[in-house]
Amino acid sequence: MIRRLLSLVLLLAVYLLLTIIALEIGLRVFQRVPPPEPPGFFWRVPDPVTGWSLIPNAAGRWYNAMYEYDVEVVINERGLRSPATIGYEKPEGVYRILLLGDSFVEAVQVPLEQSFGQQIGRLLNEADARSINNGPVHVEVINAGVGGWGVDQQLLWLRHEGYQYDPDLILLAFFPANDFMNNYMPLEFANQRAVRKPWFELLDGQLQLNNFPFDPNEARESRQRLRQLAGVPATGENTPTDSAMTPLFTAAGEWLHQHSALYRYLDPRLRVTMPGLSAWLAQLGLLKAGQESSDLAQGPAYIPIAYGVYATPLAEPWRQALLTTRAILDEFKREAASLGVPLRGLLIPSFEEVDAQQWERVLQRYPAMQAQRWDTAQPAALTQQLFDEADIPLVDLTPVMREQTEQGKGLYLRDDRHFTPEGHTVAAYTLANWLATDPSAAVLTVQQPIPGPGRAWGGLIWRVFVWSILAALVISLVWSIYKSGPRIWLRNVRLNLGTAGELLTFLVMRQNFVLLPLVVVLLIFGGLLIVAQASVVGPFIYTLF
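So, here is what we can say about the structure in this document.

Definitions and cut-offs
- Residues numbered from 1 in each chain as written.
- Predicted model: local features only at pLDDT ≥ 70, side-chain atom pairs only at ≥ 80, totals over all residues.
- Heavy atoms only, no water.
- Helix = DSSP H or I, 4+ residues; strand = E, 2+ residues; numbered from the N terminus.
- Contact = heavy atoms within 4.5 Å.
- Pairing = 2+ DSSP bridges.
- Axes fitted to C-alpha atoms, helices over the stretch in contact; angles between N-to-C directions.
- Buried < 20%, exposed > 50% of the residue type's maximum accessible area, 1.4 Å probe, protein only.
- Patch = residues over 30% accessible without salt bridge, like charges linked within 9 Å, V, L, I, M, F, W, Y side chains within 5 Å.
- Areas by Shrake-Rupley, 256 points an atom, 1.4 Å probe, with all protein chains shown as cover.
- Salt bridge = Lys/Arg side-chain N within 4 Å of Asp/Glu carboxyl O.
- Parallel < 35°, antiparallel > 145°, perpendicular 65-115°, else oblique.
- Left-handed = near helix turned anticlockwise from the far one by under 90°.
- Nonpolar A, V, L, I, M, F, W, Y, C, P; charged D, E, K, R; others polar.

Looking now at the environment of Ala 441. Mapped onto the fold, Ala 441 is located in the loop between helix H17 (421-437) and strand S14 (444-446). In sequence terms Ala 441 and Leu 394 are 47 residues apart; their C-alpha atoms lie 8.0 Å from each other. For Ala 441, the contacting residues outside a window of four places in its chain are Arg 344, Pro 393, Trp 434 and Leu 435.

Pairing is parallel in the open sheet, where five strands are placed in the order S8-S5-S9-S12-S13. Single-partner strands in this sheet number two, and they are strand S8 (138-145) and strand S13 (394-396). Taking each pair of neighbouring strands and ignoring which way they run, the sheet shows an average axis angle of 20 degrees. In the sheet, strand S5 (residues 94-101) pairs with strand S9 (residues 169-174) via four bridges, with the strands oriented parallel. Counted as the bridge partner of Ile 97 is Leu 169 from S9.

On to the environment of Ala 306, then. Mapped onto the elements of the fold, Ala 306 is located in the loop between helix H11 (291-298) and helix H12 (316-339). The class of Ala 306 is partly exposed, set by a relative accessible area of 23%. As for Ala 306 and Ala 177, which are separated by 129 residues in sequence, their C-alpha atoms are 7.1 Å apart. Apart from residues no more than four positions distant in its own chain, Ala 306 is found in contact with Ala 177, Met 181 and Trp 318.

Turning our eyes to something else, we now look at the pairing of strand S3 (residues 59-63). Across five bridges, the pairing between S3 and strand S4 (residues 70-74) is antiparallel. Bridge pairing in S4 places Ala 59 opposite Val 74.

This part covers unusual backbone geometry. Here the amide bond leading from Phe 212 into Pro 213 is cis, since omega sits at -10 degrees, within 30 degrees of zero. With respect to the secondary-structure elements, Pro 213 resides in the loop between strand S11 (206-210) and helix H7 (216-230). The peptide bond linking Thr 312 to Pro 313 adopts the cis configuration, its omega dihedral lying at -5 degrees. Here the phi dihedral of Ala 107 falls at roughly 55 degrees; this positive angle occurs in a residue that is not glycine. Structurally, Ala 107 is set in the loop between helix H2 (103-106) and helix H3 (116-126). For Ala 107, a relative accessible area of 0% corresponds to the buried category. Positive phi values are uncommon outside glycine, yet Asp 391 reaches one of about 60 degrees.

Further remarks concern a nonpolar patch on the surface. Taken together, the side chains of Leu 10, Val 14, Leu 17, Leu 18, Ile 21, Ile 25, Val 29 and Phe 30 define a hydrophobic patch exposed on the protein surface, amounting to about 810 Å² of accessible area. As for its position among the elements, Phe 30 is in the loop between helix H1 (2-29) and strand S1 (43-47). For Phe 30, a relative accessible area of 63% corresponds to the exposed category.

Contact pair H12 / helix H15 (residues 378-389): the axes reach a minimum separation of 9 Å and the direction vectors enclose 40 degrees. The orientation of H12 relative to H15 falls into the category oblique. For the pair H12 and H15, the crossing hand works out as right-handed. Contacts between H12 and H15 involve Leu 322, Thr 325, Arg 326 and Leu 329 from the former and Leu 382, Leu 386, Phe 387 and Glu 389 from the latter. Of the residues belonging to the contact of H12 with H15, the class tally is five nonpolar, one polar and two charged.

Structure follows, in structure tokens:
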């Protein structure tokens, strides 16, 4: 008996090893995982004007751990992810749109030509765009987005650098999910535990600029006051860890990361599906500590600061963030007016604002949030209110993004949570139409109509196909029961199950475990064929197999 048990354990170990080898080879052949080397780095810190910025002439590959994209990123000589041909001097007949924003504008998740900024220019040019005052033009869009920037940094960049491009339109992309927090340093400090940029403070109704030009050493003097404003303890700036000792299996984890495609495939997926297990593996050193380890260290009552923008009612720090943002928008309006350039706004919704299932995942990940009230529509409504008060025309992408998502389009990367190429396309079509046709915001006219983003027929066709197959199988089963009668059908099922059980028992008794997995697979396929044999879909299913 012990020998049989050991033989079975050994055989299972061999099966497991063969499975691992097959998965390792498959992942490498089909290139489903990122390389072991870290992606390129394109940001310089510090920057005296904005705190951080893009490195001029930087280039490299950019991808995430889930390998949802793999993009060659090139930064031009002026530190923008824009075409290298764009310089300060504007050619004759060119209409320049200066697009400001954060990582959604930077768009390192897609090739530059697929970013919504570049697509806007292409759509308007294909539609034969005309300036309202000067006739035919060639539209040129300058992508001036940098990941993590708030509206405050975008304003500073416009004042010190952006104006040199002589824009004809300034387009301000606003991301409510974190821009309110980015603009109000007490919240930003509570989230980052550091001062990494110049920041505006609203005092007696006036904006005061602090830590400008930015110097990390001088910024340390602001931290004590910000700790008090943000309610952050003065016990260090990083999330505490359980131990300063190197985990036991760190070397093994690093070796697996370098040499195993299966390890790099499972790593990010474990963090999403089983954060508790991932945090435990990080304590052992088999995984690198990530967000799940930080969340665990915060305790079960932890709620990420950024989600405070959805809380109802808003806490006082968020109300101050709204006031500060409104004052910054007023400064933006004055800056654009001083340049003689119209200013328009673009509201970019977060993934959870257009897909209710994503918000449910957030609530499941942070159980403490389930005891409070949240409103995912609140950030967009607050943004619209502030832009209206500042008299800046604003287009809200939320309705069209929600509609397209409900139709089956994948507009957001599930893990990275930025736009997919399809998301950029929907944003580009919506914005180009708005800039050319909306009476309150139009800055151009077009001679050819700009089409809409279109219906998501692919997702609809796939859903119809799946449900048709399921319906056919159910009809097949019902027809089989009706044709033979319930009693005979049940007897046949017992006979078939008995035969299958006898076969499996025989293989086990003879210790023929090598053939066992193959027989199980064949029995499953055979069962499907038996279910469908008496119906009109039988020939179709036989053809499939």
